[in-house]
Amino acid sequence: MGEYHRPDAKTLQNLRDIANKLRIGSIKATTASNSGHPTSCCSAAEIMSTLFFKEMKYHVEDPRSPSNDRFVLSKGHAAPVLYAAWAEAGLFPVGELLKLRKIDNDLEGHPTPRLNFIDVATGSLGQGLSCAAGMAYTGKYFDKADYRVYCLVGDGESAEGSIWEALAFGSRYKLDNLVVIFDVNRLGQSEPTSLEHDMETYRKRVESFGWNTYVVDGHDVEALCRAYYDATTVKGNPTCILAKTFKGKGIPGISDQDNWHGKPMGDKTEGIIQAIESLIQNKGPHGVKPASPSSEVSPVDISNIKMSEPPAYKSDQQVATRLAYGTALAKLGKGCDRVVAMDGDTKNSTFAQKFKDACPERFIECYIAEQNLVGVGIGCGTRNRTVPFISTFACFLSRAFDQIRMGAISQTNANFCGSHAGISIGEDGPSQMALEDLSMFRSVPGSTVFYPSDAVSAERAVELAANTKGICFIRTSRPNVPILYKNDEPFEVGKGKVIRKSDKDKVTVIGCCVTLVEAQKAADKLAIDGVHIRIIDPFTIKPLDVDLILSNAKETGGRIITVEDHYLWGGLGDTVAGAVSEHKDILVKKLAVTEVPRSGKSAELLEKYGINANCIVKAVHQILSK
């Protein structure tokens, strides 16, 4: 690395001029839409001009090139200044900025990957740095490339715990290719931030998390350029640049004034534009072209991923689906060197440990920080560089639901595995029992929800998830369950299986995993009395095999019983009931957990909360009596 050379006077003035052009673009865009956050854009103008026109290396014509430096705007409400930067770089005409927030335009109020220069959606504050950390981890350890990752964080959002989770992660893994810039503009939405301009406290806090840290004047383009350069010379530590800025910088009478958050300039716009334009020395094209990447990163193929070997179970075995998840993930890792996995210090319970044992260089321990765990996974999956699998107890994923829903907006292909589902986990009690997870993941747009009922189907769910677009969730259970399927049984997304059938069936019972086992026990008991039931394993809860359910229900008098190790609301029962609601003469009876459970043995809990074989037998008699 050569010595720092101070940019010449022309370059520095160009960067100042570009910053003011970004201010003008942001103000004009928000005025045209009569909404947005121009003051939040103005505080970041010099940060953006120096990043996009001096520091970052990227192909303007190919914003998602794997070779490019990455940028994440965590303070997503400042989207107009990011849009203005890309327009100034030449990706699209500056005039397009006036279409901000219009329903027929992709320049939305906060960034989304509908735009080809956005990797992850932001705007739900506190999430961008985790995603950036996942990108940086991918660059350093998986791609082994020299691209760098930059993330702009607002001082207000630094109150979010997920920011500090990401800071801890970045230093733990020595992400020296990651630079975060805090835009410390002092003012939040409704009042000043807790630290305002106390830069020394910010510095001490960030340094205590192991980051190389600089405090700079965020409106001094030379100071910013020097800090970016210095960051490139640091090895083994990520860098944080604490930029002291002023909200609304450059806007006369509004700079550093409270109560201007999220307000366009309205009839003040013309005068403001004139004032800012008077500061610009080069009013014509600036002629600055971003530097191209210093090296090219090879494309990767993540299509048609297969396990290294098929399932290999004996018919008399009993295997927990969580164990099968780990087995399949290890096979998948052996089959494709772009499959990566991460966990939140539960890998010996989720059995992600098996992947770590097989592919240690592609496993990331994220510790007990589930929001960062999810963000890192989403970051790893950007630009199709990896196929991430993210695991922990299913109940703990609810802590990161905001990250998961933002992942859907980000068009992520991340795969989630939640183990220890339901009351069947036993004595650990309700805090460890995932009873809302199916409802949660079903509600995510574009998601696929797998609920495998044995080890064979669990392995195939993992393989299918790796090749399925969007967010995938695989629900796994703690108890050992019998092997239902032959090792060569084919499985498809949205296709269920009839596992018990006769011409005498009077009721169709639908269950998954532990409740499917209970349904089979119930069928044996009922058969003694001459009552026969049909049993369906749906395999995926979303999409649901509606045709299979309807055809079998019609053959069994239109009577359906669902039984699930989940709360009554939003799970299997509601899915089935919703799917058949427009069809005549179909009756759905739902067995599910209807109250907060307590500790106990698994069998005791299944009985107490109404989802074991005895309860299914009772429900069958009840539905037949109607």
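Everything that follows concerns the structure shown earlier in this document.
Everything quoted here is computed from the prediction, not taken from an experiment.

Quick look at the overall build of the protein
Then step 1. In terms of helices and strands, the protein carries 22 helices and 19 strands.
Then step 2. A compact globule built from 626 residues should have a C-alpha radius of gyration of about 25 Å, and the protein, at 28 Å, falls within 12% of that.
Then step 3. With respect to the principal axes defined by its C-alpha atoms, the protein has extents near 95 × 50 × 40 Å.
Then step 4. Here the protein holds 626 residues, and 61% of them are scored as buried.
Then step 5. Relative to all contacts within the protein whose residues are 6 or more apart in sequence, the contacts with residues 24 or more apart total 78%.
Then step 6. Treating the 73 positive side-chain charges of the protein as one cloud and the 75 negative ones as another, the clouds have centres 2 Å apart.

Considerations on helix α17 (residues 455–466)
Then step 1. In this model, α17 (12 residues) spans 17 Å end to end at C-alpha, consistent with the 16 Å of a helix rising 1.5 Å per residue.
Then step 2. Counted residue by residue, α17 has 11 buried out of 12 residues, so it is predominantly covered.
Then step 3. Among the residues making up α17, those that are buried are A455, V456, S457, A458, E459, R460, A461, V462, E463, A465 and A466.
Then step 4. Where the residues of α17 are buried, they touch β6 (318–320), α10 (321–335), β9 (387–393), β10 (415–419), β11 (448–450) and β12 (472–475).
Then step 5. Regarding α17, its N-cap is D454, as a side-chain oxygen of that residue lies 3.3 Å from the backbone nitrogen of V456 further along.

Looking at the packing of helix α18 (residues 514–528) against helix α22 (residues 613–624)
Then step 1. As a packed pair, α18 and α22 sit with axes 8 Å apart at the nearest point and diverge in direction by 60°. Relative to α22, the element α18 lies oblique. Judged by the sense of rotation from one axis to the other, the crossing of α18 with α22 is right-handed. From α18, T515, E518, A519, K521, A522, K525 and L526 reach across to α22, where they touch A613, N614, I616, V617, V620 and H621.

So, the sheet that holds strand β17 (residues 540–542)
Then step 1. If you walk across this open sheet you meet the seven strands as β8-β7-β9-β10-β12-β11-β17, and the pairing is mixed. What marks the edges here is a single partner per strand, and that holds for β8 (363–365) and β17. Ignoring which end each strand starts from, the neighbouring axes of this sheet average 20° apart.

Overview of the pattern of salt bridges
Then step 1. Tallied over the entire structure, the rule returns 29 salt bridges.
Then step 2. Between K140 and D176 there is a salt bridge; the shortest N-O distance is 3.4 Å. With K140 in helix α5 (residues 128–142) and D176 in the loop between α6 (161–172) and β3 (178–184), this residue pair connects regions lying 36 residues apart in the sequence.
Then step 3. Where E489 meets K497, a salt bridge forms, and the shortest distance between an N and an O atom there is 2.7 Å.
Then step 4. The partly exposed category is assigned to E489, whose relative accessible area is 23%.
Then step 5. Looking at K497, the relative accessible area reads 16%, which means it is buried.

A look at the sheet that holds strand β1 (residues 70–73)
Then step 1. Taken in spatial order, the five strands line up as β1-β2-β3-β5-β4 in an open sheet, and their pairing is parallel. Since the sheet does not close on itself, it has two edges, and those belong to β1 and β4 (212–217), each with one partner. Taking each pair of neighbouring strands and ignoring which way they run, the sheet shows an average axis angle of 20°.
Then step 2. Bridge count between β4 and strand β5 (residues 239–244): six bridges; the pairing is parallel. Pairing of V216 across the sheet is with A243, part of β5.
Then step 3. Against the sheet, α5 engages β1, β2 (149–154) and β3, with an angle of about 170° to β2.

Concerning helix α19 (residues 546–555)
Then step 1. L548, I549, L550, N552 and A553 are the residues of α19 that are buried.
Then step 2. If you follow the buried residues of α19, they end up packed against β14 (497–500), β15 (505–511), β16 (532–537), β18 (559–567) and α20 (572–580).
Then step 3. Among the residues trailing α19, G557 stands out with phi positive, at a value near 75°.

With respect to the pairing of β10
Then step 1. Burial runs high along β10: five of the five residues are buried.
Then step 2. Pairing geometry for β9 and β10, over five bridges, is parallel. Bridge assignment links I390 to a residue of β10, and that residue is F416.
Then step 3. The pairing of β10 with β12 spans four bridges and is classified as parallel. Each residue of the ladder has a partner; that of N415, found in β12, is C472.

Criteria and thresholds
Residues numbered from 1 in each chain as written. Predicted model: local features only at pLDDT ≥ 70, side-chain atom pairs only at ≥ 80, totals over all residues. Heavy atoms only, no water. Helix = DSSP H or I, 4+ residues; strand = E, 2+ residues; numbered from the N terminus. Rg over C-alpha atoms; globule rule 2.2 N^0.38 Å. Buried < 20%, exposed > 50% of the residue type's maximum accessible area, 1.4 Å probe, protein only. Contact = heavy atoms within 4.5 Å. Lys, Arg positive; Asp, Glu negative; His and termini not counted. Charge placed at Lys NZ, Arg CZ, Asp CG, Glu CD. Expected span 1.5 Å × (residues − 1). Polar contact = N/O pair within 3.5 Å; in protein donor to acceptor, adjacent residues only side chain to side chain. Axes fitted to C-alpha atoms, helices over the stretch in contact; angles between N-to-C directions. Parallel < 35°, antiparallel > 145°, perpendicular 65-115°, else oblique. Left-handed = near helix turned anticlockwise from the far one by under 90°. Pairing = 2+ DSSP bridges. Salt bridge = Lys/Arg side-chain N within 4 Å of Asp/Glu carboxyl O.

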